[in-house]
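# A structural walkthrough
Spelled out from the first residue to the last, the chains are:
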Amino acid sequence: MSYNTMYWGEKRYHSLDYELKKRFGVKLYKISLNGGMTCPNRDGTLGTNGCIFCSKGGSGDFAGNKMHSISKQLDEGKLQIAKKQHSEHFIAYFQAYTNTYAPVSYLERIYREAIACPGVEILSIATRPDCLSFEVLSLLKEIRKVIPVWVELGLQTIHPETASFIRRGYDLPVFEEAVKKLREIDIEVIVHTILGLPGEDTDKMLQTIRYLNTQDIQGVKLQLLHILENTDLSEYYAVHPFHIFTMEEYFELLGKCICNLRPDIVIHRLTGDGPKSILIEPKWTGNKRMVLNRMQAYFKQQDIWQGKEICTWQNHLHSTN
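A brief structural summary. It should be emphasised that the depicted structure is a prediction, and the values quoted were computed from it without experimental measurement.

## Some thoughts on the nonpolar core
One finds Tyr-111, Leu-123 and Leu-140 to be the most contacted residues of the largest nonpolar core, which totals 71 residues. The leading source of residues in this core is helix α9 (residues 247-259), at eight residues. Leu-140 has contacts with Tyr-111, Ile-125, Leu-132, Val-149, Val-151, Leu-182, Ile-185 and Ile-187, leaving out every residue within four places of it along the chain.

Next up, the structure:
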């Protein structure tokens, strides 16, 4: 079996752009919002310094200004997008910190303010699996009656020792229960993973990918580890330097991940962005367009396509039965 361009257009993976155009007929642009929330890893509930890779000043480097209303942040985001591309279709993305970690009355106010904004087609909420109370889930169920809702969960890895190192703060069964409850109310689940965490080799990272195939998730973000200034990770790296992927090494790893990923899972991200002004490593990620162009060329050259290893295994199984 070989790659068929009828799957996802010209791309060799199930891209978010392809999926959105299939559903809505147009490209949707994401506007990152700051709801002014914190995180249990910061307010003393679980810790005070956040995850090891998070900025000490906060998360959501590309989110809006928390001093502005949600409506104003959306308007400002639209203006930024309009400088490059005309669009009237948007995703309201609550990005900064843990966006279900607040009184439900407050969450309802800002969520409804976002979905009332002209052109908003999807509400996307980044949060933690351990911050989805019954009341929050009930609110999301009501919002889902008005507009599609996505919840983005920061899993990063399935390996307990790595999760402890990055100070994730919850165990794997908590994630699984969160996915189950979200799917029961028809919320789409997007999972964040980090590739290149200290102590994880290719086998361990592929174990995380294969685990995701067993879960009822609809999307994934494959984030290359970035070391940014003013993070505990940068301090650790200065004392205990670990291997940083070259571009070629990352493409090889990413190709293996994609080949082992279930074809129906939408890939929302393949590398990730770190602000150039505070990026320590890997420096080659600073030129995003160049990286993406070379990545697509590599996939084609190596005949990489999403689910390739799964299909190969299934074909072998059928041929031996």
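## Quick notes on the side chain of Lys-221
Mapping Lys-221 onto the fold places it in strand β6 (residues 219-224). Here Lys-221 falls in the buried class, since its relative accessible area comes to 2%. A distance of 2.9 Å separates a polar atom in the side chain of Lys-221 from a polar atom in the side chain of Glu-152. Those residues in contact with Lys-221 that sit more than four places away from it in its chain are Lys-30, Tyr-93, Glu-152, Ile-190, Val-191, His-192, Thr-193, His-268 and Arg-269.

## Some points on the environment of Ser-234
Here Ser-234 shows up in helix α8 (residues 232-239). If we ignore the near neighbours within four places in the chain, the residues touching Ser-234 are Ile-227, Leu-228, Glu-229 and Ile-280.

## As for the pattern of salt bridges
Counted under the stated rule, the structure contains 20 salt bridges. The salt bridge partner of Arg-112 is Glu-108, with a shortest N-O separation of 3.0 Å. Residue Arg-112 and its partner Glu-108 are both found in helix α3 (residues 104-115); the two are separated by four residues, about one turn of the helix. Judged by its relative accessible area of 33%, Glu-108 is partly exposed.

## As for empty space enclosed by the protein
For the structure shown, the criterion picks out two cavities of 30 Å³ or more. Taken as a whole, the largest cavity holds about 50 Å³ of empty space. The residue inventory of the lining of the largest cavity, partitioned by class, reads eight nonpolar, two polar and no charged. One number sums up the size of the second largest cavity: a volume of about 40 Å³. Leu-16, Glu-19, Leu-20, Arg-23, Trp-150, Glu-188, Ile-190, Gln-218, Gly-219, Val-266 and His-268 are the residues that line the second largest cavity. With four residues, helix α1 (residues 16-24) is the largest single contributor of residues to the lining of the second largest cavity.

## Looking at the packing of α3 against helix α4 (residues 134-144)
Their axes nearest at 10 Å, the elements α3 and α4 cross at an angle of 20°. By the angle class used here, α3 and α4 are roughly parallel. Viewed along their axes, α3 and α4 form a crossing whose handedness is right-handed. From α3, Val-104, Leu-107, Glu-108, Tyr-111, Arg-112 and Ile-115 reach across to α4, where they touch Glu-135, Val-136, Leu-139, Leu-140, Glu-142 and Ile-143. Its residues assigned to classes, the contact of α3 with α4 shows eight nonpolar, no polar and four charged.

## Details of the sheet that holds strand β4 (residues 149-156)
The seven strands are arranged β1-β2-β3-β4-β5-β6-β8 in an open sheet whose pairing can be described as parallel. Single-partner strands in this sheet number two, and they are β1 (29-33) and β8 (266-269). Across the sheet, the mean angle from the axis of one strand to that of its neighbour is 25°, orientation sign disregarded. Taken strand by strand, α1 contacts β2 (90-94), β3 (120-127), β4, β5 (188-195) and β8, and its axis lies near 120° from that of β8. Across the sheet, α3 touches β2 and β3, and the angle it forms with β3 is around 145°.

## Considerations on α1
Looking only at α1, the buried set comprises Leu-16, Glu-19 and Leu-20. Along the long axis of α1, the arc covered by the buried residues comes to 95°, so they all point the same way. Its buried side turned inward, α1 meets β2, β3, β4 and β8.

What counts, and at which threshold
Residues numbered from 1 in each chain as written. Predicted model: local features only at pLDDT ≥ 70, side-chain atom pairs only at ≥ 80, totals over all residues. Heavy atoms only, no water. Core = buried A, V, L, I, M, F, W, Y, C linked by side-chain atoms within 4.5 Å. Buried < 20%, exposed > 50% of the residue type's maximum accessible area, 1.4 Å probe, protein only. Helix = DSSP H or I, 4+ residues; strand = E, 2+ residues; numbered from the N terminus. Contact = heavy atoms within 4.5 Å. Polar contact = N/O pair within 3.5 Å; in protein donor to acceptor, adjacent residues only side chain to side chain. Salt bridge = Lys/Arg side-chain N within 4 Å of Asp/Glu carboxyl O. 1 Å grid on protein atoms, 1.4 Å probe; cavity = no way out; pocket = protein on both sides within 12 Å on 5 of 7 lines; lining within 4 Å. Points joined across faces, edges and corners; volume = space filled by probe spheres on them. Nonpolar A, V, L, I, M, F, W, Y, C, P; charged D, E, K, R; others polar. Axes fitted to C-alpha atoms, helices over the stretch in contact; angles between N-to-C directions. Parallel < 35°, antiparallel > 145°, perpendicular 65-115°, else oblique. Left-handed = near helix turned anticlockwise from the far one by under 90°. Pairing = 2+ DSSP bridges. Arc of directions from axis to C-beta.

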